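A structural walkthrough
Listed here are the chains, written in short residue letters.
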2 protein chains.
Amino acid sequence: MDYKRLDNHDIEMLKGFTAPDRFSTGESVKTLHSKDQSRHVCMLPEAVLWPLNESEVSNILKYSNEQRIPVTAWGAGSSLEGNPLSVCGGIVVDFTMMNRVLDVREEDFQADVEPGVIYKELNKRLRHKGLFFAPDPGADATIGGMIANNSSGTRTVKYGATRANILKLSIVLANGEIIRTGTRASKTSSGYDLINLITGSEGTLGVVTCATLRLRGLPAEFSAAVVSFPSVESAGKAVFEIIRSGLDPAALELLDRGCISLINRNTGMNLMERPTLFIEYHGPSISYIGEVMEVTRELCASSNSLDFRSGIGRDERDKLFSSRHRLGEMIVQNHTDCLFLSADTAVPISAYPEIIAMAREEVEKGGVTAYIFSHAGDGNLHLKFAGRKDNRDDWRVINEINNRVVSKAISLGGTATGEHGVGIGKRAFMAEEHGNSLIWMKKIKELFDPNGILNPGKIFL
Amino acid sequence: MDYKRLDNHDIEMLKGFTAPDRFSTGESVKTLHSKDQSRHVCMLPEAVLWPLNESEVSNILKYSNEQRIPVTAWGAGSSLEGNPLSVCGGIVVDFTMMNRVLDVREEDFQADVEPGVIYKELNKRLRHKGLFFAPDPGADATIGGMIANNSSGTRTVKYGATRANILKLSIVLANGEIIRTGTRASKTSSGYDLINLITGSEGTLGVVTCATLRLRGLPAEFSAAVVSFPSVESAGKAVFEIIRSGLDPAALELLDRGCISLINRNTGMNLMERPTLFIEYHGPSISYIGEVMEVTRELCASSNSLDFRSGIGRDERDKLFSSRHRLGEMIVQNHTDCLFLSADTAVPISAYPEIIAMAREEVEKGGVTAYIFSHAGDGNLHLKFAGRKDNRDDWRVINEINNRVVSKAISLGGTATGEHGVGIGKRAFMAEEHGNSLIWMKKIKELFDPNGILNPGKIFL
């Protein structure tokens, strides 16, 4: 695709669609929008705009489409695969100022929000209503970014990824046309599912300007357990038994010895340095949750667990889980001279021991540092690689291992990305994963965005 | 679209793609494939084929596409909106002989199946492995039909509709091309979601030849409660409280007085003839399920329940729920001189009392017979109308009421169809429900099926 560089006329037009103080070509602003939380190289946009409403977004896209100016939507910049970087220049549409919660319909478990709403802020507002938006990618992600990436996190094992929690979308298409799709009913068999087509499309098919979210009841009670196992295999068996039992955990995380060792050093928890499951439950009462924990203990024991620590109630849950939530931070603090790469693949749960063994072997053979943890209930593997800044050898090895782990995941029937999206970093694996269905994804892209202005250089090579 | 009528050459070619004994132009065979379980008029296909494998399906579609012969896929013929009727003639591809369970990967909660597998048969086979495929449309539906219609049922409130339970699909496109899409990992953020685009598209975008299903753990224990309320509003409040509490019911059904009266007459259950919730739970142990039932009793009491009957264990559950499962049959037996229309819409749960009041008023005013029951946890309303055979006045009034209820559902933010699909019967409501996003659905249809051979005359007017 040939794109146009912004000229003075374009700048005047785009300013006119927003306002002079909501348009910038300043270097510092462009630099702030040139990098997400990944290690992908900076890509400067030519200008940044902050629309206030759907009509402004529509005008911006219509004009950019006519002029062939690339348009990349921006949420919080918290993505991990370069998803919102301006690979082909053009403009960044920053949704920070479209951050209103438009309506909360408590009795329907629904909220209408603009894309710039940060999900943690939304959940603070919802707390007193006893509701929450369940997908939890961590970071200060916006709802718009979460929809673009189909984000998920520790709670996905119970509540699904973002796509399971979206009911309606307003979307501005490349040509500026506004469509609304979906229903406020909690289920439908009416027509083609455009919501799931847009969700996870990383801003390449359209730009979301309003979303109706499915909310969940905030559980009355919480509990947690930290359970050690002699091997990844025995921990994997416990994961299977817990899921099969219908116990419905709200988190089911597997951490390797390196992670546990780091937690012990940082918290004095004195956990066994063995493969360990962090398990969380949500429920309506203390006695309910106590019963669930007792069944969990029995299932873990039948999978040869070595140690079982449980805590019932919100405070006890928080105490046990705080080390899990702080793990990323502990890793960073433990390697002050390093940069990091968050690998992200997912495999069928039966293949989890194989991919974790392969990853561990690769890390040892390569002589690099990596921590293995995982949303085990979903078969989602994360490796957090720590490579010394400016050490080319470290990063060559890390990138090679990452590529081999991704290919291995695909060969095991899994996916190149469980939750971080394709962005720039996973484009090379799309043909391997999708075969000739990738051609049909490209045809859909051409149908919705014939000039290729929407977030070019992502998903497809 | 102009379609070709089958000539002798076409018949020879199509026979060649299958076998002489798997091709028929016989009247009785065509008649059997001219009608589903709805009241839509019979539509005779010109021929019926029974492929054995994907390659045969591909050859049939490639040829039909070149010759512009309509192709309609057929599962069990159990649909309720004329979804698989040959509106434009052409051939029916009957998947009855592609009914193999290809693989069950117990440890991954997955099964690979051909589209002709009947879900009840699959669940019989899975039972001894402690697994099941959760969507339960009733009837003897095939997996292929369930995917086409995004079917759901009483258990959807806990386990989701069909689309929440599909991981991979093999699809033959209109031009005969075979694509495979999805992953065996339980979550992914890789590329566009073609699975959800195909699921619910009623065979208009492609024909599914293999599906990887997400299975669930068969619960160790069951329980049920039948709870009477003074009004639909108080029952609705209990529904909200139960969902908000995180109790996670496996069924949450609301029945009107007419249904309860019929149940009392047929079973001697002596239930209060008031709006009644039928509630079911699945869980890992008796004590767990006992705890859940106690919390449910408290929540119902705080919503002014009048009577609460519960049963713990599979037998007690079966006793309480058998009347719910037999309700359809009781209605039919109670009106031997009648035909029936199953209305199907869904609304936000807060609008449920309003639509049920409106439906009841319309039924009374129209002087026709209808039973109101609903998957209340999903806001999915069913009215079963009983109209005298060949009584044009009955059916004029019933069709008018049905249309007004659907329009009302849409105006309340709901959908024209919660689970039966669009088929023939709901086409007229698509513009009302989807606005200009319907144009983009049509563009997707034209992209995948430019000659319009796949199940023509459905979804779009």
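Criteria and thresholds
Residues numbered from 1 in each chain as written. Chains lettered and ligands numbered in written order. Predicted model: local features only at pLDDT ≥ 70, side-chain atom pairs only at ≥ 80, totals over all residues. Heavy atoms only, no water. Helix = DSSP H or I, 4+ residues; strand = E, 2+ residues; numbered from the N terminus. Rg over C-alpha atoms; globule rule 2.2 N^0.38 Å. Contact = heavy atoms within 4.5 Å. Lys, Arg positive; Asp, Glu negative; His and termini not counted. Charge placed at Lys NZ, Arg CZ, Asp CG, Glu CD. Pairing = 2+ DSSP bridges. Axes fitted to C-alpha atoms, helices over the stretch in contact; angles between N-to-C directions. Buried area = accessible area lost by both parts, 1.4 Å probe. Salt bridge = Lys/Arg side-chain N within 4 Å of Asp/Glu carboxyl O. Polar contact = N/O pair within 3.5 Å; in protein donor to acceptor, adjacent residues only side chain to side chain. Nonpolar A, V, L, I, M, F, W, Y, C, P; charged D, E, K, R; others polar. Parallel < 35°, antiparallel > 145°, perpendicular 65-115°, else oblique. Left-handed = near helix turned anticlockwise from the far one by under 90°. Least-squares fit on C-alpha atoms with pLDDT ≥ 70 in both. Buried < 20%, exposed > 50% of the residue type's maximum accessible area, 1.4 Å probe, protein only. Domains from an automatic or database assignment. pLDDT = per-residue confidence, 0-100.

Regarding the overall build of chain A
Of regular secondary structure, chain A possesses 16 helices and 18 strands. In terms of C-alpha radius of gyration, chain A reaches 23 Å, essentially the compact-globule figure of 23 Å for 461 residues. With the principal axes as the frame, chain A shows a C-alpha extent of 70 × 55 × 40 Å. Considering only intrachain contacts with a sequence separation of at least 6, the fraction spanning at least 24 residues in chain A is 71%. Averaging the positions of the 52 positive and the 57 negative side-chain charges in chain A gives two centres separated by 0 Å.

Quick word on the sheet that holds strand β14 (residues 276-283) of chain B
Adjacent strands of a sheet pair through backbone hydrogen bonds, lying either parallel or antiparallel. Residues and elements named next belong to chain B. The seven strands lie next to each other as β15-β12-β14-β13-β17-β18-β16, forming an open sheet whose pairing is antiparallel. Each edge of the sheet is formed by a strand with only one pairing partner; in this case those strands are β15 (307-312) and β16 (338-346). With strand direction ignored, the average angle separating the axes of adjacent strands in the sheet is 15°. For strand β12 (residues 221-228) and β15, the ladder comprises six bridges, and the chain directions are antiparallel. In the strand pairing of β15, Ala 225 is matched with Ser 310. Seen against the sheet, helix α12 (residues 327-334) touches β13 (251-255), β16, β17 (369-375) and β18 (380-388) and runs at an angle of roughly 180° to β17.

Some details on the interface of chain A and chain B
Taken together, the contact pairs 88 residues of chain A with 87 residues of chain B. Across the interface of chain A and chain B, roughly 6,700 Å² is buried in total on both sides, 57% from carbon and sulfur atoms. In terms of surface lost to chain B, no three residues of chain A exceed A:Lys187, A:Tyr192 and A:Trp440, which account for 15% of the buried area on that side. Taken together, the connections running from chain A to chain B amount to six salt bridges. The shortest N-O distance in the salt bridge between A:Lys187 and B:Asp378 comes to 3.9 Å. The tally of links between chain A and chain B comes to 50 residue pairs in polar contact (both at pLDDT 80 or more). For the side of chain A that touches chain B, the element with the highest residue contribution is helix α16 (residues 437-448) of chain A, accounting for eight residues. Partitioning the side of chain A that touches chain B into residue classes produces 31 nonpolar, 38 polar and 19 charged.

A look at the packing of helix α13 (residues 352-366) of chain B against helix α14 (residues 392-411) of chain B
All names here are of chain B. Two numbers describe how α13 lies on α14: the axes approach to 10 Å, and their chain directions differ by 165°. Looking at the two axes, α13 sits roughly antiparallel to α14. For the pair α13 and α14, the crossing hand works out as right-handed. Contacts between α13 and α14 involve Glu 354, Ile 355, Met 358, Ala 359, Glu 362, Val 363 and Gly 366 on the former and, on the latter, Val 397, Ile 401, Arg 404, Val 405, Lys 408 and Ala 409. A class-by-class count of the residues in the contact of α13 with α14 yields eight nonpolar, one polar and four charged.

Looking at the sheet that holds strand β9 (residues 178-182) of chain A
Residues and elements named next belong to chain A. A sheet is described by the order of its strands in space; here five strands give the open sequence β5-β6-β10-β8-β9, paired in antiparallel fashion. Edge strands, defined here as strands with exactly one partner in the open sheet, are β5 (101-105) and β9. Averaged over all pairs of adjacent strands, the angle between their axes in this sheet comes to 10°, without regard to strand direction. Judged from the six bridges that link them, strand β8 (residues 166-172) and strand β10 (residues 207-214) form a sheet pairing that is antiparallel. Residue pairing across strands places Ser 170 opposite Cys 210, the latter belonging to β10.

Overview of the relation of the copies chain A and chain B
A rotation about an axis combined with a shift along that same axis relates the two copies of the chain. Under the fitted operation, chain A is carried onto chain B by 0.0 Å of movement along the axis and a turn of 180°, and the coordinates agree to an RMSD of 0.0 Å. Taken together, the rotation and translation relating the two chain copies correspond to the operation of a two-fold axis. A share of 99% of the interface residues of chain A reappears at the interface of chain B, consistent with the copies meeting face to face through the same patch.

A look at the side chain of B:Thr72
Residues and elements named next belong to chain B. For Thr 72, the location among the structural elements is in strand β3 (residues 71-74). By relative accessible area, which is 1% here, Thr 72 ends up buried. When sequence neighbours within four positions are dropped, the list of residues in contact with Thr 72 reads Pro 84, Leu 85, Ser 86, Ile 91, Val 92, Val 93 and Asn 455.

Re the domain arrangement of chain A
We note that the domain assignment places domain 1 (8-95), domain 2 (101-217), domain 3 (221-327) and domain 4 (335-430) within chain A. Centre-to-centre separation of domain 1 of chain A and domain 3 of chain A, based on C-alpha positions: 43 Å.

With respect to the confidence of the model for chain A
A residue-level look at chain A finds 100% of positions with pLDDT of 70 or above and a mean pLDDT of 95. Listed scores for the predicted complex are pTM 0.96 and ipTM 0.96.

A closer look at the pairing of β16(B)
Successive residues of a regular strand alternate their side chains across the two faces of the sheet. Residues and elements named next belong to chain B. Within β16, seven of the nine residues are buried, which leaves it mostly tucked inside the rest of the structure. Bridge analysis of β16 against β18 gives nine bridges, and the strand direction is antiparallel. By the bridge assignment, Asp 344 is partnered in β18 with His 382.

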